[in-house]
Amino acid sequence: MLLLAPALPLCLTGCGETRVERIVPPPERLTCAAQPSPPSGNTDREIASFIVDLVEAGQDCRDALAWIKDWSKQP
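Presented here is an overview of the structure given in this document. The written sequence of each chain sets the order in which its residues are numbered from 1. Only residues with pLDDT of 70 or above have their local features reported here, since the model is predicted, and side-chain atom pairs are shown and tallied only from 80 upward, although totals for entire chains, interfaces and linings are computed over all residues. Side-chain measures here rest on the full set of heavy atoms in the structure, leaving out hydrogens and waters.

**Structural notes on the overall build of the protein**
Okay, step 1: Secondary structure assignment for the protein yields 2 helices and 0 strands.
Okay, step 2: Accessible area is worked out with a 1.4 Å probe on protein chains only. A residue is then buried under 20% of its type maximum, exposed over 50%, and partly exposed in between. Across the 75 residues that make up the protein, the buried fraction comes to 7%.
Okay, step 3: Per-residue accessibility takes into account occlusion by the displayed protein chains alone, with areas from the Shrake-Rupley method and a 1.4 Å probe. Total accessible area on the protein stands at roughly 7,000 Å², and carbon and sulfur atoms take up 61% of it. Numbering goes from the N terminus for both helices and strands, where a helix is a DSSP run of H or I of at least four residues and a strand is a run of E of at least two.

In structure tokens, the structure reads:
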């Protein structure tokens, strides 16, 4: 009888119902701002504006990724 005692917890695991639910982040958090098109002109103003837009698009994507990383750590 004592030899069967260690096996008892294994038998009890089959009694409960296990449910797996897939949780996905909100769709708006799964996209990044589009990469801006290169400037058509060659002026300093156009190139500077392109660089600013490019940095902002990259930051938008990094922010979305950071949000998903934090969100996935929640219990």
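**Looking at the packing of aromatic side chains**
Okay, step 1: What counts as a ring pair is set by centres within 6.5 Å for rings of Phe, Tyr and Trp (its six-membered ring), and what kind of pair is set by the plane angle: stacked under 30 degrees, edge-to-face over 60, tilted for all other angles. For the structure on display, the rule yields 1 aromatic pair.
Okay, step 2: Seen in terms of ring centroids, Trp 67 and Trp 71 are 6.0 Å apart; in terms of plane orientation they differ by 15°. Their pairing is stacked. Note that Trp 67 and Trp 71 are positioned in helix H2 (residues 44-73) at a spacing of 4 residues, about one turn of the helix.
Okay, step 3: The class of Trp 71 is partly exposed, set by a relative accessible area of 22%.

**Examining H2**
Okay, step 1: For a helix, the expected span equals 1.5 Å multiplied by the residue count minus one. Taking 1.5 Å as the rise per residue, H2 with 30 residues should run 44 Å; its terminal C-alpha atoms sit 44 Å apart, in good agreement.
Okay, step 2: Along H2, the residues classified as buried are Phe 50, Ala 57 and Ala 64.

**A look at the environment of Ser 49**
Okay, step 1: Within the secondary structure, Ser 49 is located in helix H2.
Okay, step 2: Taking relative accessible area as the criterion, Ser 49 reaches 38% and is therefore assigned partly exposed.
Okay, step 3: Linking Ser 49 and Pro 38, residues 11 residues apart in sequence, is a C-alpha distance of 9.8 Å.

**Considerations on the environment of Arg 62**
Okay, step 1: By secondary structure assignment, the location of Arg 62 is in helix H2.
Okay, step 2: Since its relative accessible area comes to 48%, Arg 62 is described here as partly exposed.
Okay, step 3: Taking the C-alpha atoms as reference, Arg 62 lies 8.4 Å from Cys 32; in sequence the two are 30 residues apart.

**Comments concerning a nonpolar patch on the surface**
Okay, step 1: Two distance rules govern patches: like charges are joined within 9 Å, and nonpolar side chains (Val, Leu, Ile, Met, Phe, Trp, Tyr) within 5 Å, applied only to residues with over 30% relative accessible area and no salt bridge. For salt bridges, the criterion is a side-chain nitrogen of Lys or Arg within 4 Å of an Asp or Glu carboxyl oxygen. Among the surface-exposed residues, Ile 47, Ile 51 and Val 55 lie close enough to one another that they form a single nonpolar patch of about 240 Å² accessible area.
Okay, step 2: Within the element layout of this structure, Ile 51 appears in helix H2.

**Considerations on the environment of Gln 59**
Okay, step 1: Of note, Gln 59 is situated in helix H2.
Okay, step 2: In this structure Gln 59 comes out as partly exposed when scored by relative accessible area, which is 35%.
Okay, step 3: Sequence spacing of Gln 59 and Ala 33 is 26 residues, and the spatial spacing of their C-alpha atoms is 8.9 Å.
Okay, step 4: Separated by 2.7 Å, the side chains of Gln 59 and Asp 63 make a polar contact. For this analysis, a polar contact is any N or O atom pair within 3.5 Å, provided that within protein one partner can donate a hydrogen and the other can accept it, and provided that sequence-adjacent residues contribute only side-chain to side-chain pairs.

Limitation: the analysis is restricted to geometry and does not speak to function.
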